[in-house]
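Analysis of the macromolecular model
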Amino acid sequence: MELTKKDRAYFNIAKEVSKLSDFPRVQIGACAVYKHKVISTGCNSMRTSPLQKKYNKFRFETDMTLHSKHAELDALLPLLNRKDIDFSRASIYVYREHKSGQLSMARPCKSCFALIKELGIRDIYYSNDGGFSHEEIIY
């Protein structure tokens, strides 16, 4: 994927937010963009969330996980009741890198995809092993 200047800026914001993560294994950052402005950011966290638990049913058959917050959910949570956002025109950027600094796969999991689809977000951008990807959801 060829990144525009704005895409790079949004990924850089998600990268900086990923550094705030308290998750020991992997740090992931996300930012939500609407009308060319970042409207929310989030990172994965050891903190649990009832909403993450709700969406984890798309990932796990049993309820054995801790339901720690994913970066996408953390970024979208403050926006859930906003009536002034047309989510079909919003985008989300998700960033992950290895401790070595090499880019790593940050495609949203089934739980996060369910939330993204429920909101109606069409454009998802994420880092992958060595680059970046874009997926457009067609409803």
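Anything mentioned here points back to the structure above.
A short tour of the structure in this document, coming up. This is a predicted model, so every value here is computed, not measured. (Residues numbered from 1 in each chain as written. Predicted model: local features only at pLDDT ≥ 70, side-chain atom pairs only at ≥ 80, totals over all residues. Heavy atoms only, no water.)

Topic: the sheet that holds strand β2 (residues 37-43)
Here is the rule we go by: A pair of strands counts as paired when DSSP detects no fewer than two bridges linking them. Numbering of helices and strands runs from the N terminus, with a helix taken as a DSSP run of H or I at least four residues long and a strand as a DSSP run of E at least two residues long. For helices, the axis comes from a line fit to the C-alpha atoms of the stretch in contact; other axes are also lines fit to C-alpha atoms, and the angle between any two N-to-C directions lies between 0 and 180 degrees.
Taking strand neighbours across the sheet as the criterion, the 5 strands line up as β2-β1-β3-β4-β5 in an open arrangement whose pairing is mixed. The open sheet terminates on both sides in strands that have one partner only, identified here as β2 and β5 (131-136). Pairs of neighbouring strands in the sheet enclose a mean axial angle of 20°, with direction left out of account. Here strand β1 (residues 28-34) pairs with strand β3 (residues 90-96) via 7 bridges, running antiparallel. Considered in β3, the bridge of isoleucine 28 is made with arginine 96.

As for the layout of surface pockets
Here is the rule: Both cavities and pockets are sets of points on a 1 Å grid over the protein atoms alone; in a cavity a 1.4 Å probe fits but cannot get out, in a pocket the set is open with protein on both sides within 12 Å along at least five of seven lines, and lining residues sit with an atom within 4 Å of a point. Grid points are joined across faces, edges and corners, and a volume is the space filled by probe spheres set on the points. Just so you know the grouping, Ala, Val, Leu, Ile, Met, Phe, Trp, Tyr, Cys and Pro go in nonpolar, Asp, Glu, Lys and Arg go in charged, and all remaining residues, Gly too, go in polar.
Space inside the second largest pocket adds up to approximately 200 Å³. Lining the second largest pocket are 13 residues, with Tyr10, Val33, His36, Arg89 and Ser91 positioned closest to its centre. For the lining of the second largest pocket, the elements supplying multiple residues, two or more each, are α1 (5-18), β1 and β3. Among the residues making up the lining of the second largest pocket, the classes are represented as 6 nonpolar, 3 polar and 4 charged.

A few points about the side chain of histidine 70
The cut-off we apply is this: Two residues qualify as a contact provided that any one of their heavy atoms is within 4.5 Å of a heavy atom in the partner residue.
Mapping histidine 70 onto the fold places it in the loop between α2 (50-55) and α3 (71-76). Dropping the residues within four chain positions of it, histidine 70 is found in contact with Cys43, Asn44, Gln52, Arg59, Cys109 and Cys112.

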